Amino acid sequence: MFKKIFKFIAGYVIISVMGKNPERFINMCLHNGFDIWGAEPCSGGLRLAMRMSDLKRVRRIVRKCRVRVRIESKHGAAVFIKRNRGRAVFALCAAAVCIFFLTVPQYIWCVEINGVYDADTEEIAAVLRDHGVYVGARKKDIDDLYEIKNDAVHRIDDINWAWLYIEGAKARFEVQEITPAPEVRDMETPTDIIAACDGVVRTAVVKRGERRVTSGMTVSAGDVLISGKVAVFSEGYPEKYIYVHSDGIIKADTLRKESGTFTDTEELRIRTGKSKKRVSLELFGKRFDLFRDLSCGYEEYDCERETYDLELPFIGYIGISAAVCDVYEVRMAENKLSEQEVLSRAREELEERICRKLGPGAVKTGDELSYSVGNGVYDVELRMYLRENIGIEIPAEE
């Protein structure tokens, strides 16, 4: 790309080389450091391109190789200006285009904020606006990048790193959000550990507190497993109690159940093969749709959009973008599922629901799937047997 631009600025000619030794002419030009390109055969010889400044310097090679050289066309900035110097309207338009491309990159026409998940985008945009970063702002009015970064980090609690990149007429603000610190347990507050669900206790490891269950005991949801009220006995004194933050792991065999209704049909969106393109232009922050109806008259359709930014060498993005939307017509069709497919999908969904309620370290020991069918509708229940830690902390009553 850049070579073509430089060749156009310097100027070049297309010549035809006639005679018995055009290949020797090319070899000698290359040996003497002349830049030639685009060599191709033509009637009676070869056609090629070379710099306009090298044309006079090859006369010695022309005589030595006994070939004839004819200029077919001239190209370059000087030739272009010479041909069009008498066209006032063209000159004005060319000057306007040059002014446009020199002026537009001095402004910001697109502000892009990346890396935001939990932070408030509007708050970030307000910080950037306070420092002169907004659509239509002049680049020279933007504050120092370090100042913008430090202000954003201090004013917005959810981010710990940020930086502003100026790319042509685009301002790209990259953000890295704070990773939440792990929760620190309060070991001073007295707590009990109770059962989160029904189960049969298999192991009970008590690190702090008074054990209330043993292996093989059946417990119900809400039963106290480890009490924070610990009795203290001293000979000759009445019984006393201290209150502690209970700690321990109670593993129990549990049963979790989930049920749902599923059908043996599913809707499919099948492309018919018909498609159309819809183009939108974004000029300096304003979007213009070059169409009236995105659906193209299709009753059902899918869209795939791709955006192209206009960038120039040495300048970058200049505030002009084109969005091409491919609109595909689709037809709706019903797909009949087999019993095995319905039950497989039901098992996957019900198992996911159960797993969302489990704590870390739970292990599945078995499962049972039961169902009934009527008019293509399946009533499915999944019973999952687990071994898990059923203890949860609650404040102890002092």
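Structural data are supplied above this passage.
Figured I'd write up the structure that's included with this text. (Residues numbered from 1 in each chain as written. Predicted model: local features only at pLDDT ≥ 70, side-chain atom pairs only at ≥ 80, totals over all residues. Heavy atoms only, no water.)

**Let's talk about the side chain of Arg-172**
Here comes step 1: Inspection of the secondary structure assignment puts Arg-172 in strand β7 (residues 170-177).
Here comes step 2: There is a polar contact of 2.7 Å between the side chain of Arg-172 and the side chain of Glu-174.
Here comes step 3: Those residues in contact with Arg-172 that sit more than four places away from it in its chain are Glu-112, Asn-114, Trp-163, Leu-164, Tyr-165 and Glu-167. (Helix = DSSP H or I, 4+ residues; strand = E, 2+ residues; numbered from the N terminus. Polar contact = N/O pair within 3.5 Å; in protein donor to acceptor, adjacent residues only side chain to side chain. Contact = heavy atoms within 4.5 Å.)

**Let's talk about the nonpolar core**
Here comes step 1: Grouped together as the largest cluster of nonpolar side chains are 18 residues, with contacts concentrated most on Ile-15, Phe-25, Cys-29, Met-50, Val-58 and Ile-61.
Here comes step 2: Listed by contribution, the elements that provide at least two residues to this core are β1 (12-19), α2 (22-31), β3 (45-51) and α3 (59-65).
Here comes step 3: With four residues, α2 is the largest single contributor of residues to this core.
Here comes step 4: Once residues lying within four places of it in the same chain are set aside, the contact partners of Ile-15 are Leu-46, Arg-47, Leu-48, Met-50, Leu-55, Val-69, Arg-70, Ile-71 and Glu-72.
Here comes step 5: In terms of nonpolar packing, the next biggest core, distinct from the first, is built from 16 residues, Ala-119, Ile-124, Leu-128 and Ile-142 among them. (Core = buried A, V, L, I, M, F, W, Y, C linked by side-chain atoms within 4.5 Å. Buried < 20%, exposed > 50% of the residue type's maximum accessible area, 1.4 Å probe, protein only.)

**Some remarks on the packing of helix α6 (residues 121-130) against helix α7 (residues 145-155)**
Here comes step 1: Relative to each other, α6 and α7 sit at 145°, their axes nearing to 10 Å. Considering the relative orientation of α6 and α7, their crossing is right-handed. Residues Glu-123, Val-127, Leu-128 and Asp-130 of α6 lie in contact with α7, whose contacting residues are Ile-148, Asp-151, Ala-152 and Arg-155.
Here comes step 2: Taken together, the residues that form the contact of α6 with α7 break down as four nonpolar, no polar and four charged. (Axes fitted to C-alpha atoms, helices over the stretch in contact; angles between N-to-C directions. Left-handed = near helix turned anticlockwise from the far one by under 90°. Nonpolar A, V, L, I, M, F, W, Y, C, P; charged D, E, K, R; others polar.)

**Re the sheet that holds strand β9 (residues 199-208)**
Here comes step 1: One open sheet holds the five strands; their spatial order is β11-β9-β15-β21-β20, and the pairing between them is antiparallel. Each edge of the open sheet is held by one strand with a lone partner, namely β11 (218-219) and β20 (363-374).
Here comes step 2: Pairing between β9 and β11: two bridges, direction antiparallel. Within the sheet, the bridge partner assigned to Gly-199 lies in β11 and is Val-219. (Pairing = 2+ DSSP bridges.)

**Some thoughts on the packing of aromatic side chains**
Here comes step 1: Taken as a whole, this structure holds five aromatic pairs when the rule is applied.
Here comes step 2: Both rings, one in Trp-109 and one in Phe-284, keep their centres 4.7 Å apart while their planes meet at 55°; by these two values the pair is tilted. Taken together, the residues span a long stretch of sequence, with Trp-109 in the loop between α5 (88-103) and β5 (110-114) and Phe-284 in the loop between β16 (265-283) and β17 (286-289) at a distance of 175 residues.
Here comes step 3: A relative accessible area of 18% means that Trp-109 is categorised as buried.
Here comes step 4: Here the aromatic residues Tyr-107, Trp-109 and Phe-284 are joined through ring pairs into a cluster of three or more.
Here comes step 5: For Lys-170, the ring lying beneath its charged end belongs to Tyr-317, and the centroid distance is 5.3 Å. (Phe/Tyr/Trp six-rings, centres within 6.5 Å; stacked < 30°, edge-to-face > 60°. Lys NZ or Arg CZ within 6 Å of the ring centre and 35° of its normal.)

**Description of the pairing of strand β12 (residues 224-227)**
Here comes step 1: The pairing of strand β8 (residues 191-195) with β12 spans two bridges and is antiparallel. Residue Ile-193 lies in a different strand from β12, and its bridge partner there is Ile-226.
Here comes step 2: Here strand β10 (residues 210-211) pairs with β12 via two bridges, running antiparallel. The residue of β12 that forms the bridge with Arg-211 is Ile-226.

**Some words on the state of the cysteines**
Here comes step 1: The full count for this structure, using the stated rule, is zero disulfides.
Here comes step 2: Just so you know, Cys-29 is unpaired, no disulfide at all, and the nearest cysteine sulfur is the one on Cys-65, 7.5 Å from it.
Here comes step 3: Taking relative accessible area as the criterion, Cys-29 reaches 0% and is therefore assigned buried.
Here comes step 4: Here Cys-197 is not cross-linked by a disulfide; its sulfur's nearest cysteine counterpart is in Cys-355, at 14 Å.
Here comes step 5: Taking relative accessible area as the criterion, Cys-197 reaches 10% and is therefore assigned buried. (Disulfide = S-S within 2.5 Å.)

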